[in-house]
Amino acid sequence: MNIPEDIKQLFTLFYPGSKDEFPTREEWIANVVGCFSAARQQNIKRYLDELLSGRHSDAEIAAAWRSASPSYDFSEGGHRIFLAEVRAMIQ
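Per-chain numbering applies: the sequence of each chain, read as written, is numbered from 1 onward. Since the coordinates come from a predicted model, pLDDT governs what is reported: local features require at least 70, and pairs of side-chain atoms require 80 or more to be given and counted, while whole-chain, interface and lining totals use all residues. Side-chain figures throughout are based on the complete set of non-hydrogen atoms in the structure, without hydrogens or water.

Engineer: So what exactly am I meant to see when it comes to the side chain of Ser18 here?
Structural biologist: By the secondary structure assignment, Ser18 is in the loop between helix 1 (5–12) and helix 2 (25–33). Owing to a relative accessible area of 4%, Ser18 belongs among the buried residues under this scheme. For this analysis, a polar contact is any N or O atom pair within 3.5 Å, provided that within protein one partner can donate a hydrogen and the other can accept it, and provided that sequence-adjacent residues contribute only side-chain to side-chain pairs. Polar contacts involving the side chain of Ser18 include one to the main-chain carbonyl oxygen of Tyr15, which spans 2.6 Å. Those residues within four positions of Ser18 in sequence are excluded, and the remaining contacts are Leu13 and Trp28. In DSSP terms, a helix is any run of H or I states spanning at least four residues, a strand is any run of E spanning at least two, and both are numbered starting from the N terminus. Residue exposure (1.4 Å probe, protein chains only): buried if accessible area is under 20% of the type maximum, exposed if over 50%, otherwise partly exposed. In this description, contact between two residues means that some pair of their heavy atoms is separated by no more than 4.5 Å.

Engineer: So what exactly am I meant to see when it comes to helix 5 (residues 78–88) here?
Structural biologist: Within an α-helix, residues lying three or four positions from one another point in the same direction, as the helix has 3.6 residues per turn. The set of residues buried in helix 5 consists of Gly78, His79, Phe82, Leu83 and Val86. One side of helix 5 carries all its buried residues, which in axial view fall inside an arc of 115°. Among the exposed residues of helix 5, those oriented more than 90 degrees off its buried face are Ile81 and Ala88. As for helix 5, its buried residues are in contact with helix 1, helix 2, helix 3 (38–51) and helix 4 (58–66). The directions considered for the arc run from the helix axis to the C-beta atoms.

Engineer: What's the story with the environment of Pro16 in this structure? I'm lost.
Structural biologist: Structurally, Pro16 is set in the loop between helix 1 and helix 2. Distance in space between the C-alpha atoms of Pro16 and Glu76 is 18 Å, their sequence separation being 60 residues. If we skip the residues at most four places from it in the chain, Pro16 touches Ser71 and Tyr72.

Engineer: What exactly am I supposed to notice about the nonpolar core here?
Structural biologist: Nonpolar side chains in soluble globular proteins generally cluster together in the buried interior. Nonpolar cores were defined as sets of buried Ala, Val, Leu, Ile, Met, Phe, Trp, Tyr and Cys residues, with membership established by side-chain atoms within 4.5 Å. With 25 residues, the main nonpolar core has Leu10, Phe14, Leu48, Trp65, Phe82, Leu83 and Val86 as its most contacted residues. Elements supplying a minimum of two residues to this core: helix 1, helix 2, helix 3, helix 4 and helix 5.

Engineer: Is there a simple way to explain the packing of aromatic side chains in this structure?
Structural biologist: For any pair of aromatic rings, geometry is given as the distance between the ring centres together with the angle between the planes. Geometry of aromatic contacts follows a simple scheme: Phe, Tyr and Trp rings, the Trp one being its six-membered ring, pair when their centres are within 6.5 Å, and the pair is stacked under 30 degrees between planes, edge-to-face over 60, tilted otherwise. Counted under the stated rule, the structure contains 10 aromatic pairs. On the numbers, 5.1 Å between centres and 85° between planes, the contact of Phe14 with Trp28 is edge-to-face. Of this pair, Phe14 sits in the loop between helix 1 and helix 2 while Trp28 sits in helix 2, and the two are 14 residues apart along the sequence. For Phe14, a relative accessible area of 0% puts it in the buried group. Judged by centre distance (5.4 Å) and plane angle (75°), the ring pair of Tyr72 and Phe74 falls under edge-to-face. On the basis of relative accessible area, Tyr72 is assigned to the buried category, the value being 16%. Ring pairing ties together the aromatic residues Phe11, Phe14, Trp28, Trp65, Tyr72, Phe74 and Phe82, which thus form one cluster.

So, in structure tokens, the structure goes:
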């Protein structure tokens with residue numbers, strides 16, 4: 001699976017301890033998403049739409065996440081749930 005650079009950058013911005021700076025998970029995600037321009041957010045959303053379309057297994061979604069070598073990870077199925085939250089934050 002070809003992972004766009006914007007996605008790799010997004011994934012690496014979620015790291016252990018980074019959410020501790022925010023009172024809610026939603027504010028944490030919104031802050032990370034807000035690091036990207038509107039155009040880059042739309043690129044991210046398009047990729048997440050495809051990734052979460054139902055055509056990819058939880059293992060494929062986890063592999064996409066891990067391809068960016070993030071320092072934060074999830075249990076099986078958690079990647080799908082988390083990335084759906086991220087996608088929901090993009091207008």
